[in-house]
Amino acid sequence: MSEWIPVYQAANSLEAHTLKGALEVAGIEVCLQGEALAGALGELPMNAVEVTLLIHPRDLERSRLILEKYRRGVRDSWRCGHCGECNAGSFETCWRCGHEPGTGA
Ligand SMILES: [Zn+2]
C-alpha cells in the first residue's frame, strides 16, 4: 500500500488545486486532504477551509522544489524603498526607478 505524507498546507481549495496541477504536470501524484471535510460541512465557503497536499515520500524533494518556485512567484506586492512606488510581487525591481527590493533607500 502507498504511503502519503503532507508536503504543503494550502490556505484554500483554489491554491490547493493550483499546486496539485503544478505537481501533476511534473509527474508527481498528489492527494488532497481537507476538501472532503469542506464538502461535508456544506455551510462553509470553500475558501475558508485549509487543504493539505499529500504526496509519496519518494517525490518529496521534487515537490518541495516545485512548491518553492510557486511560492516565489506569488509573493506579496512590495513597496520600493527608494521612490515609494508599490510594485506587484512578480517584479524583480521597481518598475518606476529600477531599485531592488529590500536594499534600503
Ligand atoms: Zn522605486
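Structural data are supplied above this passage.
Residues numbered from 1 in each chain as written. Predicted model: local features only at pLDDT ≥ 70, side-chain atom pairs only at ≥ 80, totals over all residues. Heavy atoms only, no water.

Caption draft 1: The overall build of the protein, seen in detail. Each helix and strand counted, the protein has three helices and five strands in total. Counted from the first residue to the last, the protein has its helices and strands arranged as β-α-β-α-β-α-β-β. Considering only residue pairs separated by 6 or more positions, the protein has 50% of its internal contacts joining residues 24 or more positions apart. Carbon and sulfur atoms make up 53% of the accessible area of the protein, which amounts to about 6900 Å² in all. (Helix = DSSP H or I, 4+ residues; strand = E, 2+ residues; numbered from the N terminus. Contact = heavy atoms within 4.5 Å. Areas by Shrake-Rupley, 256 points an atom, 1.4 Å probe, with all protein chains shown as cover.)

Caption draft 2: Region of the structure containing the side chain of aspartate 59. Mapped onto the elements of the fold, aspartate 59 is located in the loop between β3 (51-55) and α3 (60-73). Residue classification places aspartate 59 among the buried residues on the basis of a relative accessible area of 6%. (Buried < 20%, exposed > 50% of the residue type's maximum accessible area, 1.4 Å probe, protein only.)

Caption draft 3: The coordination of the zinc ion, seen in detail. Coordination of the zinc ion by the protein comes from Cys80 (SG), Cys83 (SG), Cys94 (SG) and Cys97 (SG), over a distance range of 2.3 to 2.4 Å. For the zinc ion, the four donor atoms are set out with angles of 105 to 115° between them, so the coordination reads as tetrahedral. Counting along the primary sequence, the residues that act as donors to the zinc ion give the motif C-x2-C-x10-C-x2-C. With cysteine 80 in the loop between β4 (78-79) and β5 (86-87) and cysteine 94 in the segment after β5, this pair connects stretches of sequence that are 14 residues apart. (Donors = N, O, S within 2.8 Å, 3.2 Å for Na, K, Ca; no water. Tetrahedral: all angles 85-135°; square planar, octahedral: opposite > 155°, others 65-115°.)

Caption draft 4: Main features of the environment of arginine 71. On the secondary structure map, arginine 71 appears in helix α3. The exposure class assigned to arginine 71 is partly exposed, which follows from its relative accessible area of 39%. Along the chain, arginine 71 and leucine 19 lie 52 residues apart, while their C-alpha atoms are 9.8 Å from each other.

Caption draft 5: The arrangement of the environment of glutamate 100 in detail. Relative to the helices and strands, glutamate 100 is located in the segment after β5. Along the primary structure glutamate 100 and cysteine 80 are separated by 20 residues, whereas in three dimensions their C-alpha atoms are 7.5 Å apart. In this structure, glutamate 100 is in contact with Glu92 and Thr93, ignoring residues within four places of it in sequence.

Caption draft 6: Quick peek at the pattern of salt bridges. With the rule as written, the count across this model stands at three salt bridges. The salt bridge partner of glutamate 24 is lysine 20, with a shortest N-O separation of 2.9 Å. With glutamate 24 and lysine 20 both in helix α1 (residues 13-25), this residue pair falls four residues apart, about one helical turn. In this structure, arginine 96 engages glutamate 85 in a salt bridge whose closest nitrogen and oxygen atoms are separated by 3.0 Å. You can see arginine 96 sitting in the segment after β5 and its partner glutamate 85 sitting in the loop between β4 and β5, a full eleven residues away along the chain. (Salt bridge = Lys/Arg side-chain N within 4 Å of Asp/Glu carboxyl O.)

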